[in-house]
Amino acid sequence: MAKHVVTLIPGDGIGPEITTAMRRVVDATGVDIEWEIADAGEHVMAEYGTPLPEHVIEACRRNKVAIKGPVTTPVGTGFRSVNVALRKELDLYVNLRPAFSIPGTGARYEDIDIVIVRENTEDLYAGIEFEEGAPETAELIKFCAEKGAGIIRPDSGISLKPISITGSERIVRYAFEYALANGRKKVTAVHKANILKYSDGLYLDVARKVAAEYEGRVEFEDRIVDMTCMGLVLYPEQFDVVVLPNLYGDIVSDLAAGLIGGLGMAPGANIGTDCAVFEPVHGSAPKYTGKDMANPTAEILTAVLMLKHLGEFEAAEKILSGVKAVLAEGVNVTYDIKRTNTGSTDGAVGTQAYADAIIATF
Ligand code: NAI
């Protein structure tokens, strides 16, 4: 039996191509992994009647570690994101998104080393929504008016933003524990508590309480989300570990990906108490599907995170060094990297050839 059994969800769009590249790179390190393939997405709807079959969730639970490619969320078909559903089902409350510079990507910044810790289960992503014109929406509007909470226009759609003490405490605590375990110096809690007093205000209160327990060990500061965005662009070196509620975390992690050369470079992990699902920040990039063009770096760096989680530090280091070497050389790189480096995609290689170049460094 293999040392590790990992659930592999290839996803759709560019997912199958970049996960194939990732798997080839991981296997080439010699690490002993058995991949258990589990399909999710629109293409399994006809067979299972759902884009996220129960056996896929079960496989993640059983193996405790999964890695996935992106899964498309079709617009207007009525099904919610498979990615969000999986995080919810497995209570993967942490979305960890490290953004670190690798020379050779043509990124605008050179020394970025920021870890985004995004809350993954509540906030506006809780999926509690009231459609414009629906009777329950009218009832909610009436309730708010009667209770003196405020007047909502009758032709409104409403999305709720629940933020709990439980949810806030565990994510902020994770950020501090991550900082301690990884030799990080500072945690920044991001919010909009000046406007959203009962949701973000609660989050900030909880963050301050948790931070007090780590005083003297990890520095703490809080920042308003808009100022954070400006600060990340102007003075990214001021940030270390950044912990945010779900929506701000989603937006700010793409901003952080921009600092290191784009979405093709940004790895990620969804972590819960019992189980972890690793996935890059980016989506399924439909326009590049099947073209062997997409940049698999984010997926490969996601595997690096996974290997560290599995305690396979040597294999993780081997891959990271390989990625760095290939990017530094700048020859066998995908179109996006070629374009940022030279202004043209001429000479770019495909997804699998880039993976081959990494493997050749082993
Ligand atoms: P996207 O991340 O797929 O694409 C944004 C831009 O980045 C596009 O120009 C795309 O071509 C480019 N890009 C993304 N990944 C790339 C890569 N590896 N190499 C080169 N270029 C890359 O975001 P978009 O277009 O908003 O979403 C497409 C679909 O993906 C949607 O259905 C969305 O719901 C889904 N999605 C899934 C995620 C997941 O599975 N975790 C995360 C984000 C979006």
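Since the structure is predicted, the reported quantities are computational estimates derived from the model, not experimental observations.

Reading the values: rules and limits
Residues numbered from 1 in each chain as written. Predicted model: local features only at pLDDT ≥ 70, side-chain atom pairs only at ≥ 80, totals over all residues. Heavy atoms only, no water. Near = heavy atom within 4 Å. Polar contact = N/O pair within 3.5 Å; in protein donor to acceptor, adjacent residues only side chain to side chain. Areas by Shrake-Rupley, 256 points an atom, 1.4 Å probe, with all protein chains shown as cover. Helix = DSSP H or I, 4+ residues; strand = E, 2+ residues; numbered from the N terminus. Nonpolar A, V, L, I, M, F, W, Y, C, P; charged D, E, K, R; others polar. Domains from an automatic or database assignment. Contact = heavy atoms within 4.5 Å. Buried area = accessible area lost by both parts, 1.4 Å probe. Salt bridge = Lys/Arg side-chain N within 4 Å of Asp/Glu carboxyl O. 1 Å grid on protein atoms, 1.4 Å probe; cavity = no way out; pocket = protein on both sides within 12 Å on 5 of 7 lines; lining within 4 Å. Points joined across faces, edges and corners; volume = space filled by probe spheres on them. Buried < 20%, exposed > 50% of the residue type's maximum accessible area, 1.4 Å probe, protein only.

A. Geometry of the site of the ligand. Around the ligand, the surrounding shell holds 22 residues, and the nearest of these are Val-71, Thr-73, Gly-283, Ala-285 and Asn-295. A distance of 3.4 Å separates an oxygen atom of the ligand from a polar atom in the side chain of Lys-68. Here a nitrogen atom of the ligand sits 3.1 Å away from a polar atom, N or O, in the side chain of Tyr-335. Here the ligand, which alone exposes 810 Å², has 70% of that area covered by the protein. Taken together, the elements giving at least two residues each to the shell around the ligand come down to helix H4 (82–89) and helix H12 (335–342). Residue composition of the shell around the ligand, by class: ten nonpolar, seven polar and five charged.

B. Representation of the domain arrangement of the chain. In terms of domains, the chain is made up of domain 1 (1–98 + 266–362), domain 2 (113–119 + 163–259) and domain 3 (123–161). For domain 2 versus domain 3, the distance between C-alpha centres works out to 29 Å. Contact residues are listed per partner, giving ten residues for domain 2 and four residues for domain 3. Taken together, both faces of the contact between domain 2 and domain 3 bury some 600 Å²; the carbon and sulfur share is 55%. Looking at the side of domain 2 facing domain 3, the largest losses of area belong to Ile-163, Asn-246 and Leu-247, adding up to 63% of the total buried there. At the boundary of domain 2 with domain 3, the tally comes to one salt bridge.

C. Main features of the layout of surface pockets. As a volume, the largest pocket reaches approximately 610 Å³. Looking at the largest pocket, it is lined by 30 residues, and the ones nearest its centre are Leu-96, Tyr-178, Asn-182, Leu-305 and Lys-308. At the level of secondary structure, the elements contributing two or more residues to the lining of the largest pocket comprise strand E4 (94–100), strand E5 (113–119), helix H6 (165–181), strand E12 (276–278), helix H10 (297–309) and helix H11 (313–329). At five residues, the largest contribution of residues to the lining of the largest pocket is made by H10. Among the residues making up the lining of the largest pocket, the classes are represented as 18 nonpolar, five polar and seven charged. Shared between two domains, the lining of the largest pocket holds at least three residues of each, these being domain 1 (1–98 + 266–362) and domain 2 (113–119 + 163–259). Forming the boundary of the second largest pocket are 21 residues, of which Asn-83, Arg-87, Val-281, His-282 and Gly-283 lie nearest the centre.

D. Just unusual backbone geometry, in detail. Even without being a glycine, Lys-64 presents a positive backbone phi close to 70 degrees. Of note in the backbone geometry, Asp-292 takes a positive phi value of approximately 55 degrees without being a glycine. As for its placement among the helices and strands, Asp-292 is situated in the loop between E12 and H10. By relative accessible area, which is 33% here, Asp-292 ends up partly exposed.

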